[in-house]
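Take a look at the letters that make up each chain.
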Amino acid sequence: MRRAILPILLLTLFASCGRDIVYEETQDIDRYGWCIDSVKRFEFEIQDTNSFCNMSFLVRNTGDYDYQNLWFFVEFVKPDMTFTEDTVQLFLADDFGKWVGSGIGSIYSATYEYRDSIRFDQTGKYLINIRHGMRTDSLQGITDIGVQIKLCE
């Protein structure tokens, strides 16, 4: 009997993994660079206004990225079309130049918590617009940008 319980518990654990993700999308950045006027648009629908969630940004960069940090201008639009704007700084490398996150070859991936324990107060479609806020017209070395929303544990 005890031998049967362990596999069932493990199966249940692995089957439930990923169910806490409410929304996740990653978008490619043009290989010629991320133009300063190019907006990455993430649209998702929320039906549950009772649960608390964590919102994170996903960033992939190459080892050729010239900076330690990355600035975002974020516009968060609710279903009733009210919105907030935010400026966010993410650190892609530490003070010694070591890339944050995990890497395969010359590509590095990291997740950055943006907002924690938030509750969406309206049902309907939400929109997150992201553009880079670096002091260059075409940002090189960023390959992907994403948004992830997970239920709080």
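Residues numbered from 1 in each chain as written. Predicted model: local features only at pLDDT ≥ 70, side-chain atom pairs only at ≥ 80, totals over all residues. Heavy atoms only, no water.

A.B. asks: Hey, could you go over the state of the cysteines for me, with residue numbers and the actual values?
C.D. replies: What the rule picks out here adds up to 0 disulfides. Among the cysteines around C53, which has no disulfide bond, C152 carries the closest sulfur, lying 6.3 Å off. Classification of C53 by relative accessible area gives buried; the value is 5%. (Disulfide = S-S within 2.5 Å. Buried < 20%, exposed > 50% of the residue type's maximum accessible area, 1.4 Å probe, protein only.)

A.B. asks: I'd love a proper account of the confidence of the model for the chain, names of residues and values included.
C.D. replies: Mean pLDDT over the chain: 89, with 88% of residues reaching 70 or higher. Confidence, expressed as mean pLDDT per element, reaches its minimum in the chain at helix α1 (residues 2-16) with 42 and its maximum at strand β9 (residues 124-132) with 98. Note that residues 1-17 has pLDDT below 50 and, in this model, 0 contacts with residues that lie over four places away or in other chains. (pLDDT = per-residue confidence, 0-100. Helix = DSSP H or I, 4+ residues; strand = E, 2+ residues; numbered from the N terminus. Contact = heavy atoms within 4.5 Å.)

A.B. asks: Residue-level account of the packing of aromatic side chains, with values.
C.D. replies: Enumeration over the complete set of coordinates arrives at 12 aromatic pairs. Between Y65 and Y67 the ring centres are 5.5 Å apart and the planes differ by 70°, which places this aromatic pair in the edge-to-face class. A relative accessible area of 4% places Y65 in the buried class. The exposure class of Y67 is partly exposed, given its relative accessible area of 35%. Through a chain of ring-to-ring contacts, three or more aromatic side chains come together here, namely Y23, F44, F76, F120 and Y126. Above the ring of F76, the side-chain terminus of R115 is found at 5.0 Å from the ring centroid. (Phe/Tyr/Trp six-rings, centres within 6.5 Å; stacked < 30°, edge-to-face > 60°. Lys NZ or Arg CZ within 6 Å of the ring centre and 35° of its normal.)

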